[in-house]
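Letter by letter, the chains look like this.
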Amino acid sequence: MPVAIYPGSFDPLTNGHLSLIQRSLKMFDKVIVAIAVNPKKTPLFTEDERRDLIREAVQDPRVEVDAFHGLLVDYVRRRGGSVIVRGLRAVSDFEYEFQLANMNRKLAPTVETVFMMTGEDYFYISSQLVREVASFGGDVTGLVPPNVHAGLKAKFARKT
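Residues numbered from 1 in each chain as written. Predicted model: local features only at pLDDT ≥ 70, side-chain atom pairs only at ≥ 80, totals over all residues. Heavy atoms only, no water.

Going by an unreviewed UniProt entry, the protein chain carries the name Phosphopantetheine adenylyltransferase and comes from Myxococcus landrumensis. Checking UniProt for the protein chain, the heading Sequence similarities (unreviewed entry) contains the comment "Belongs to the bacterial CoaD family." The protein chain has a UniProt comment under Pathway (unreviewed entry) that states "Cofactor biosynthesis; coenzyme A biosynthesis; CoA from (R)-pantothenate: step 4/5." (UniProt positions renumbered as here; feature names shortened; annotations may be inferred.)

What follows is the structure, encoded as C-alpha cells:
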C-alpha cells in the first residue's frame with residue numbers, strides 16, 4: 001500500500017487529528033505525520049515540542065513523525081509518498097482544501113489527495129481554537145490528548 005503523508009501545523013495536536021491518523025491507518029500501512037514548518041508563523045510549540053507531543057500521543061509503530069520546510073509535494077516525493085491525507089471539518093474547509101489539492105496535483109500529478117471527514121465529535125475543534133481557549137484558562141480536556149493538555153497548561157502558566 002502507498003505511504004500516506006498527513007501534513008499540518010499540529011500546533012497543538014488535537015483529538016480530531018488523532019482520529020484522522022487512526023482512521024488513515026485502516027487504509028494505509030504507514031502514515032507520516034508531517035509537521036509543516038512555516039517561518040512566517042510563530043507557533044506556540046516549537047517544532048521539536050510538537051514532534052515529541054505527537055510521538056507521545058501516537059504509540060503506533062506504523063506512524064512516523066517528521067517535519068518539513070518548503071513545498072509539501074517536494075516533501076512527499078522525497079519521502080516516497082503518493083497520497084496526502086487531509087481532514088475536512090466543515091463545508092468552509094472544502095474550498096481551501098480543494099484549491100490546495102488542485103495546486104498540488106498541478107505541481108505533482110502522481111500525488112493524490114484523500115479527504116477524510118472529521119468525526120462529528122471533533123468537527124468544531126481546531127488547533128487555533130484550542131490554543132485560544134487554553135490561553136484564557138479554559139478547560140480543553142477531551143479536545144486534546146492528555147500530554148498535549150499538560151503541555152498547554154505549562155505553556156500558558158509561564159505566560160501569566
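Novice: Can you tell me about the UniProt feature "binding site: substrate" (unreviewed entry) in the protein chain, naming the residues and giving the values?
Specialist: With numbering matched to this structure, UniProt assigns "binding site: substrate" (unreviewed entry) to S9, K41, L72 and R86. The subset of the named residues that lines the largest pocket consists of S9, K41, L72 and R86. Tracing the sequence through the fold places S9 in the loop between β1 (3-8) and α1 (15-24). Setting aside its immediate chain neighbours within four residues, S9 contacts I35, A36 and R50. You can see K41 is positioned in the loop between β2 (30-36) and α2 (47-57). (1 Å grid on protein atoms, 1.4 Å probe; cavity = no way out; pocket = protein on both sides within 12 Å on 5 of 7 lines; lining within 4 Å. Helix = DSSP H or I, 4+ residues; strand = E, 2+ residues; numbered from the N terminus. Contact = heavy atoms within 4.5 Å.)

Novice: I'd like a description of the pairing of strand β5 (residues 112-117), backed by residues and values.
Specialist: Two strands pair when backbone bridges link them, and strand β4 (residues 83-88) and β5 are joined in this way by 6 bridges, in the parallel orientation. Looking across to β5, one finds that G87 is bridged to M116. In this fold, the crossover linking β4 to β5 by way of helix α4 (residues 91-107) has right-handed handedness. (Pairing = 2+ DSSP bridges. Right-handed = clockwise from strand over helix to strand, strands pointing away.)

Novice: Talk me through helix α3 (residues 72-79); I want residue IDs and the actual numbers.
Specialist: Taken as a whole, α3 has its buried residues at L72, V73, Y75 and V76. Mapping the buried residues of α3 onto a view down its axis gives an arc of 155°, with all of them on the same face. Where α3 is buried, its residues contact β1, β2, β3 (63-68), β4 and α4. Once α3 ends, the next one or two residues include G80, with phi positive near 75°. (Buried < 20%, exposed > 50% of the residue type's maximum accessible area, 1.4 Å probe, protein only. Arc of directions from axis to C-beta.)

Novice: Help me get a handle on the sheet that holds β1, residues and values and all.
Specialist: The strands that make up a sheet pair up through hydrogen bonds in the backbone, lying either parallel or antiparallel. Taken in spatial order, the 5 strands of this open sheet run β3-β2-β1-β4-β5, and their pairing is parallel. Among the strands making up the open sheet, the edge pair consists of β3 and β5. Strand-to-strand twist of the sheet, defined as the mean angle between neighbouring strand axes without regard to direction, takes the value 30°. Contacts from α4 reach β4 and β5, with the element oriented near 170° to β4. (Axes fitted to C-alpha atoms, helices over the stretch in contact; angles between N-to-C directions.)

Novice: Go over the layout of surface pockets with me, naming the residues and quoting the values.
Specialist: Approximately 1400 Å³ is the volume attributed to the largest pocket. If you go around the largest pocket, you meet 45 residues; those closest to its centre are G8, S9, K41, R86 and Y96. Looking at the lining of the largest pocket, the element that brings in the most residues is α4, giving 8 residues. Tallied by class, residues from the lining of the largest pocket come to 22 nonpolar, 15 polar and 8 charged. (Points joined across faces, edges and corners; volume = space filled by probe spheres on them. Nonpolar A, V, L, I, M, F, W, Y, C, P; charged D, E, K, R; others polar.)

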